[in-house]
Each structure stands twice: as structure tokens, then as C-alpha cells.
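A look at the structure
Residue-level listing of the chains:
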Amino acid sequence: MYDATVMQPIAQGLLTIDAAGDPVITGEGFASVSRVTGTGDFLIDFDMGTGTSDVGSGSPSVVDGQAVSGIFADGIIGPNGIDPARTIVVLTMRGNSTAPLVPATPGSTTIATLSFEFISPTPGEGATQLRVFLRNAADAATDPMGAGVANVNGSGLEILVWTLASADNVSQQAIGPLYQPSFSFP
Amino acid sequence: MSLECIAQGVVTYSSLSFSGEGVSDVTRPAGFAAGVVLLTLDVGLIGNAGAVPPGILSDSDVRSMITVRGSGVPPATTIATKAVLYLTDVPFVGATQVMIVTVDNTAVLADPDSLEIAIWRVF
């Protein structure tokens, strides 16, 4: 099969709510999660260094012995983060029941709309955060589960994030041998 | 990080069938007239040793994507919510069945015409 565009997974996780009512993100590629306005509204930080254009990640304010201007507050030389135009996100709800074959609790979810936006806190950088918003059929903001337990809303939110790397566009080259051009001429 | 696709295909509800890879059977669990289907994963998926690790609230290292296919012109659907659960079936092996639950815009369990599903194991 010919891959018109290579998709590289850069983050995946499961967003749940702990017993204290705080959001928790597990998996890979995500550093932390917090609430924004309250119920159903979450801000997720990507791991530092996520993103194919993140060539200067982690560098201090001095490069090769020279002070570098335009340094971002966290010490990253841009461009940092991911390109929203080349990134694909999948959000999937897990059902609500730990006894899913009991007809009274069929393992459904009340979450009807799952939406997100990329957040770029620093002008000139790529997106380093993902804001996720969950609502029920009445358009009320809703958590993906109860505090530490599944409830009628579900038992967690699965998140997948891919970035696209086209073999025809080496300026957006991703990391790894699969993404290297076959030939390179000066 | 890598994702390995262990099953993908289309569930057609009128015939209760699956076309794709990684799923050997589609059934309707007893007690449900609509809105609930049970997919049985192929025997031998990744050695069938935890191909889909069990777990409801824990991170089970499996991720899914579900997309309803509409019908008519334009392709409409009444399905408002979709959910997935990984059912523990074999102790110390993992879930060998995946349940999909769909509910319409009146909060009633309902079947779509068909839906696409992809299941990945993450490493």
C-alpha cells in the first residue's frame, strides 16, 4: 500500500477523574492535565519536545557559546510544538459500566459532543497544549466519568494524536528512518 | 511510541456482520434489541496474550476510533453518542471481546446503519 501521507503517532492517553475529582491523564506524550472553566473542560500539556519542528527544544539561552535572542520564557528556541494543520486527533468515549452485559447498565455514554482546539501559548510557536471540551445531549459540560468511578457519563476518554509527515515535503520531515528521503542530492 | 492496528472494519447492523480484519464474529448480547453489539477478536491476535488488556478505569493500552456512517441523501444519522468497552473474557490473557454501544438523540439505545471501527494497541 502506498502511503500518500505518513501518520506518526505523537501522543496517546486515557483521561480519567480521580477520587478527589481531579483530571488525570495516562499514556504517552502528555505531561499534565488541568481543568479550565470547570466540568468537562480540560487543558492538556504535551510533553516538552513534542513536535517534528521542535529542533531547538530544551536549549538554554546560549547556543554555541553565543547568546541567542528571541528566547522563549521556558528556554525553548522556536519553532516549538506541533503544527495544527498537520495534526489529527481522535477522541473516543469509554462506556459507563463495569458490568456491561447487564441490560440496566449497557455501557453507554451521555457525552454527545467531543471537541478540541490546539493552544499555542506563545506567538510564533506551534501548539503545545490541547484543550478538550465534553458536553452531553443538552449541551451541558460533562466530565467523562465520576470521581474515581464510572458513572452514566462513561469511564474515561481515549485520546490519540497523530502528526502528518509527507515524503514529498522534507521541510516537514518527521523523525525516524521511515521518514527519511530515499535519496538526497546537494 | 508506536500504535499497532489490531482490528479495523465496518459493522453492518442490518446483517449483523463485520467486513474488515481482526474480528471473527459480531453478536447481539442477550437482553438488547438494539444499540449494543459485541465484537469477538480473531484468535491469535498478537499471540492473543493480552491483545486487548482488560481494564475499565485503568489504562489498558488500547485505543479505538468509532465513526458512524450515515444513510440517505444527505447521509444522516440519529446516533448521538458512541462508546466502547473492552470486556474481560480470559483471565490473565486480556479482553477478547469489544462492545460498542450507540444511543440516539432521544437517549434510547439504537442501531446505526453501519459504523467504522479501528482498534489500536499502543506500545
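Each chain has its residues counted from 1, running along the sequence as written. Going through the entries in the order they are written, you letter the chains from A and number the ligands from 1. Local features in this predicted model are restricted to residues whose pLDDT is 70 or higher, and side-chain atom pairs enter the listing and the counts only when it is 80 or higher, whereas totals over whole chains, interfaces and linings include all residues. Processing note: side-chain calculations cover all non-hydrogen atoms of the structure and skip hydrogens and water entirely.

Here we look at the packing of aromatic side chains
All names here are of chain A. Convention followed: Between the rings of Phe, Tyr and Trp (Trp by its six-membered ring), a pair exists once the centres lie within 6.5 Å; its type follows the angle of the planes, with under 30 degrees stacked, over 60 edge-to-face, and the other angles tilted. Put simply, DSSP H or I for four residues or longer makes a helix, DSSP E for two residues or longer makes a strand, and each gets a number counted from the N terminus. Classification of residues uses two cut-offs on accessible area relative to the type maximum, computed with a 1.4 Å probe and protein chains only: under 20% is buried, over 50% is exposed, and between them is partly exposed.
As enumerated under the stated definition, the model contains three aromatic pairs over all chains in all. For the ring pair Phe30 and Phe46, a centre distance of 5.8 Å and an interplane angle of 25° mean the geometry is stacked. Remark: Phe46 occurs in strand 4 (residues 41–46) and Phe30 occurs in strand 3 (residues 30–38); sequence separation between them is 16 residues. For Phe30, a relative accessible area of 9% puts it in the buried group. For Phe46, a relative accessible area of 6% gives the class buried.

A word on the interface of chain B and chain A
Heads up, the rule is: In this analysis, two residues are considered to be in contact whenever any of their non-hydrogen atoms come within 4.5 Å of each other. We define buried area as the total accessible area lost by two parts upon association, computed with a 1.4 Å probe and summed across both. Side-chain atoms alone can form a polar contact between residues adjacent in sequence; in general such a contact is a pair of N or O atoms within 3.5 Å, and within protein one must be able to donate a hydrogen while the other accepts it. Side-chain classes are defined by residue name, with Ala, Val, Leu, Ile, Met, Phe, Trp, Tyr, Cys and Pro counting as nonpolar, Asp, Glu, Lys and Arg as charged, and the others, Gly among them, as polar.
Facing the 33 residues of chain B at the interface are 37 residues of chain A. At the boundary of chain B with chain A, total buried surface from both sides reaches about 2500 Å², with 67% on carbon and sulfur atoms. Inspection of the chain B/chain A interface yields nine residue pairs in polar contact (both at pLDDT 80 or more). Across the side of chain B that touches chain A, the residue classes break down as 23 nonpolar, seven polar and three charged.

Topic: the side chain of Asp104(B)
Residues and elements named next belong to chain B. Heads up, the condition is: Charged residues are defined here as Lys and Arg on the positive side and Asp and Glu on the negative side; His and the ends of the chain fall outside this count. In the sections that follow, a salt bridge refers to a side-chain nitrogen of Lys or Arg positioned within 4 Å of a carboxyl oxygen of Asp or Glu.
Structurally, the position occupied by Asp104 is in strand 7 (residues 94–104). Here Asp104 sits buried without a salt bridge, and the closest side chain of opposite charge, Arg28, lies 12 Å off (N-O distance). Those residues in contact with Asp104, other than ones at most four positions away along the chain, are Thr78, Ile79, Ala80 and Ala110.

Description of the pairing of strand 4 of chain A
All names here are of chain A. Note the threshold: Strand pairing is defined by DSSP finding a minimum of two bridges between the two strands.
Along strand 4, five of the six residues are buried, which leaves the element largely enclosed by surrounding structure. Note: strand 3 against strand 4, six bridges, orientation antiparallel. If you follow Arg35 over to strand 4, its bridge partner there is Phe42. The hairpin formed by strand 3 and strand 4 contains two residues between the paired strands, and Gly40 there has a positive phi angle of roughly 75°. Here strand 4 runs beside strand 9 (residues 129–136); their pairing, made up of five bridges, is antiparallel. Bridge pairing links Leu43 to Arg131 in strand 9.

Digging into the confidence of the model for chain A
All names here are of chain A. Put simply, the rule is: For every residue, the predictor states its confidence as a pLDDT score lying anywhere from 0 to 100.
Summing up the model confidence of chain A, the mean pLDDT is 75 and the portion of residues at 70 or higher is 62%. This model gives residues 52–63 a pLDDT under 50, and the stretch forms 33 contacts once residues within four places in sequence are excluded. Confidence over residues 167–186 falls short of pLDDT 50; this stretch has 20 contacts with residues more than four positions distant or in other chains.

Re the pattern of salt bridges
Residue and element names in this part refer to chain A. In this structure the tally under the stated criterion is six salt bridges over all chains. For Arg94, the salt bridge goes to Glu158, with nearest N and O atoms at 2.7 Å. Within this pair, whereas Arg94 is found in the loop between strand 7 (87–93) and strand 8 (111–119), its partner Glu158 is found in strand 10 (residues 157–165), the two being separated by 64 residues in sequence. The same class applies to Arg94 as to Glu158, namely buried. Of the charged contacts, one joins Asp139 and Arg135 as a salt bridge, the two residues approaching to 3.9 Å between their closest N and O atoms.

Describing the environment of Met1(B)
Relative to the helices and strands, Met1(B) resides in the segment before strand 1 (3–12). Accessibility expressed as a relative area gives 38% for Met1(B), which makes it partly exposed. Taking the C-alpha atoms as reference points, Met1(B) and Ala95(B), 94 residues apart in sequence, are found 22 Å from one another. When neighbours within four sequence positions are excluded, Met1(B) is seen to be in contact with Pro9(A), Ile10(A), Ala11(A), Gln12(A), Glu28(A) and Phe123(B).

Brief notes about the side chain of Asn96(A)
Residue and element names in this part refer to chain A. Structurally, Asn96 is set in the loop between strand 7 and strand 8. With relative accessibility at 12%, the residue Asn96 sits in the buried group. Among the polar contacts made by the side chain of Asn96, one reaches the main-chain amide nitrogen of Gly107 at a distance of 3.3 Å.

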